[in-house]
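# Architecture and fold: a report
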Amino acid sequence: MMVIQRVKTLKVIVPAVLLLIELSGSWILSGKAQTAAPKKSTPTNKGAMAKPAVAAQKPGAKTPATNPPLFVDVTQAAGIDFHLTCGGPEKLYILETQCGGAAAFDYDNDGWMDILLVDGSTLADYRAGKCHPPQLYHNNHDGTFTDVSAKSGLNFCGWGYGVAIGDSDNDGWEDVYITGFHGSALYRNNHDGTFTDVTAEAGVANADRWGTSAAFGDYDNDGNLDLYVANYVDLDINNLPQFGNGVFCQYRGIPVNCGPRGLKGARDRLYHNNGDGTFTDVTEKLGIDTESYYGLGVLWLDYDKDGCLDLYVANDSSPSLLYHNNCHGGFTEVGAEAGVAYSSDGREQAGMGIDVFPTMTTTSITTITMESSPTWQVPPGLEPSAIPISVLAQNFSTTTTTAGPTFSSRMVTSIRR
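Residues numbered from 1 in each chain as written. Predicted model: local features only at pLDDT ≥ 70, side-chain atom pairs only at ≥ 80, totals over all residues. Heavy atoms only, no water.

### Thoughts on the overall build of the protein chain
Counting secondary structure elements, the protein chain contains 7 helices and 24 strands. Counting across all 417 residues of the protein chain, residues that qualify as buried make up 49%. (Helix = DSSP H or I, 4+ residues; strand = E, 2+ residues; numbered from the N terminus. Buried < 20%, exposed > 50% of the residue type's maximum accessible area, 1.4 Å probe, protein only.)

Here is the structure:
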């Protein structure tokens with residue numbers, strides 16, 4: 001589950017929509033990575049007559065830890081108290097299988113990263129209009145955080161899925177865009193620790209669409225951050241496909257919730273920033289997501305280093321998309337020819353999230369995907385009909401591709417639960 005960072009040299013905000021399905025009830029928060037100077041290596045005792053280690057020569061002496069933990073869960077100690085709401089425990093519908101987003105950003109310009117956590121909902125709460133607003137935690141500069149949600153004005157009421165951070169009005173303060181089911185929202189930073197909902201006047205409501213993630217980026221180099229919203233499935237909350245009922249509601253003969261295959265996709269949207277607090281939808285004009293794929297992750301990047309931001313979209317159960325910027329306000333979709341639309345064996349993948357690792361000469365894209373495991377079996381004690389899709393498909397992998405301007409696909413790791 002997907003930290004948001006601003007790449008200021010390109011005037012781009014790269015959100016990483018994190019699908020935070022909280023199975024254990026805890027969050028792991030980390031600060032900036034630090035690299036210590038390498039220690040001088042010590043000679044290793046070798047051979048049958050090698051002298052025993054010092055610790056072994058002294059009875060009772062403690063052997064120093066060889067692999068201390070790199071990360072420690074400090075959630076409670078830091079003052080973070082957040083439980084993600086994400087549908088019912090049985091996960092009968094695809095709407096309930098992925099919720100929540102997270103962002104780390106400096107909302108009050110004090111030089112310290114604060115934390116925003118976006119909540120989901122349940123079918124009953126959503127239909128009843130019960131809100132699960134996001135929680136904003138202010139960094140106290142001492143390793144702890146204070147919950148300032150109530151006074152922040154970030155009152156998003158819906159089924160939240162993702163969040164993007166960017167200075168959409170060029171006032172030097174980060175604004176917040178939250179994606180949700182059948183509607184998203186833009187909040188302008190008031191410079192006093194509060195935000196104002198400016199969705200309607202800005203024209204970025206993404207109304208009646210299931211927005212999963214979003215990203216700010218200045219694709220036309222006019223000095224204003226534009227907004228891309230990845231949309232998932234065209235779903236009617238009052239007419240949800242029945243669990244296990246249909247060819248796309250089965251997993252190797254086991255009933256599961258339906259989708260995304262078999263369901264109508266929701267077309268992504270690209271909003272051009274007009275520089276006056278409003279945006280214009282240029283999706284049709286620029287030929288964005290013409291096949292209405294199942295969008296989950298989106299990232300701006302300049303993979304060919306021509307000074308113009310390109311766009312990569314990770315799609316679920318459909319080809320991922322790479323839009324090459326022609327530096328004249330338009331895009332050409334080149335995912336297949338660049339080698340980033342499919343897996344290394346030419347199959348559509350369940351793209352979940354994206355990251356980029358730029359170097360001096362190349363750019364690498366890592367896509368988090370979910371693949372079906374040929375050896376998966378029903379866990380002991382669980383009936384097949386009661387197993388949610390999140391349990392059925394827990395074979396995740398990350399695929400890294402390197403730009404040149406085409407990409408060479410290679411599998412770098414596989415994680416199996």
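### A short note on the sheet that holds strand β4 (residues 114-118)
The strand order across the open sheet built from 4 strands is β3-β4-β5-β6, with neighbouring strands paired in antiparallel fashion. Since the sheet does not close on itself, it has two edges, and those belong to β3 (101-105) and β6 (145-147), each with one partner. Direction aside, neighbouring strands of the sheet carry axes that sit 20° apart on average. (Pairing = 2+ DSSP bridges. Axes fitted to C-alpha atoms, helices over the stretch in contact; angles between N-to-C directions.)

### Describing the state of the cysteines
If you walk through the whole model with that rule in mind, you get 4 disulfides. In this model, C131 is linked to C157 through a disulfide, with the two sulfur atoms separated by 1.8 Å. Around the S-S axis, the bridge from C131 to C157 shows a dihedral of about -90° and counts as left-handed. Of this pair, C131 sits in the loop between α3 (123-128) and β5 (135-139) while C157 sits in the loop between α4 (149-152) and β7 (160-166), placing them 26 residues apart in sequence. Take C131: its relative accessible area is 36%, and that puts it in the partly exposed class. The side chain of C249 participates in a disulfide bridge whose partner is C258; the two sulfur atoms lie 2.0 Å from each other. Across the disulfide from C249 to C258, rotation about the S-S bond amounts to roughly 110°, and the bridge is consequently right-handed. (Disulfide = S-S within 2.5 Å.)

### A closer look at the pattern of salt bridges
In this structure the tally under the stated criterion is 4 salt bridges. Between D234 and K264 there is a salt bridge, with its nearest N and O atoms 3.8 Å apart. One end of the pair, D234, is in the loop between β12 (226-231) and β13 (250-251); the other, K264, is in the loop between β14 (254-255) and β15 (269-273), and 30 residues separate them in sequence. In this structure D234 comes out as partly exposed when scored by relative accessible area, which is 40%. Linking R269 and D281 is a salt bridge whose minimum nitrogen-to-oxygen distance equals 2.9 Å. Of this pair, R269 sits in strand β15 while D281 sits in strand β16 (residues 279-281); the two residues are 12 residues apart in sequence, bridging distant segments of the chain. Several salt bridges converge on common partners, so that one network encompasses R267, R269, D281 and E284. (Salt bridge = Lys/Arg side-chain N within 4 Å of Asp/Glu carboxyl O.)

### A few points about the nonpolar core
If you look at soluble globular proteins, the nonpolar side chains tend to sit buried side by side. Among the nonpolar cores identified, the biggest contains 28 residues, and L95, F181, W210 and L235 are the most heavily contacted of them. Elements that contribute at least two residues to this core include exactly β4 and β17 (294-301). (Core = buried A, V, L, I, M, F, W, Y, C linked by side-chain atoms within 4.5 Å.)

### Some thoughts on the sheet that holds β7
In space, the 4 strands of this open sheet follow the order β7-β8-β9-β10, with antiparallel pairing throughout. Taken across any chain shown, the strands that pair with only one partner, and hence form the sheet edges, are β7 and β10 (195-197). Strand-to-strand, the axes of this sheet are offset by a mean angle of 25°, without reference to chain direction. Bridge count for β7 against strand β8 (residues 175-180) is 6 bridges, and the pairing is antiparallel.

### Some words on the packing of aromatic side chains
Scanning the entire structure with this criterion turns up 13 aromatic pairs. With centroids separated by 5.6 Å and ring planes inclined at 80°, the aromatic side chains of F181 and W210 adopt a geometry described as edge-to-face. Of this pair, F181 sits in the loop between β8 and β9 (185-189) while W210 sits in the loop between α5 (199-202) and β11 (211-217), placing them 29 residues apart in sequence. According to the relative accessible area criterion, F181 is buried, its value standing at 2%. Taking 6.3 Å as the distance between ring centres and 80° as the angle between the ring planes, the aromatic pair formed by Y323 and F331 counts as edge-to-face. For Y323, a relative accessible area of 3% corresponds to the buried category. Ring pairs connect the aromatic residues Y126, W159, Y161, F181, W210, Y232 and Y294, which therefore count as one cluster. (Phe/Tyr/Trp six-rings, centres within 6.5 Å; stacked < 30°, edge-to-face > 60°.)

### Structural notes on the environment of L263
As for its placement among the helices and strands, L263 is situated in the loop between β14 and β15. Residues L263 and Y294 lie 31 residues apart in sequence; the distance between their C-alpha atoms is 9.5 Å. When neighbours within four sequence positions are excluded, L263 is seen to be in contact with I94, V233, L235, P241, C258 and Y294. (Contact = heavy atoms within 4.5 Å.)

### Regarding the side chain of H138
Topologically, H138 is positioned in strand β5. Residue classification places H138 among the buried residues on the basis of a relative accessible area of 18%. Polar side-chain contacts of H138 include one of 3.5 Å to the side chain of D110. (Polar contact = N/O pair within 3.5 Å; in protein donor to acceptor, adjacent residues only side chain to side chain.)

### Comments concerning the pairing of β12
Among the 6 residues in β12, 6 count as buried, and that is most of the element. Alternating residues of β12 divide into D226, Y228 and A230 and L227, V229 and N231, and every residue in both groups is buried. With 3 bridges connecting them, β12 and β15 associate as antiparallel partners. Paired with Y228 across the bridge in β15 is L270.

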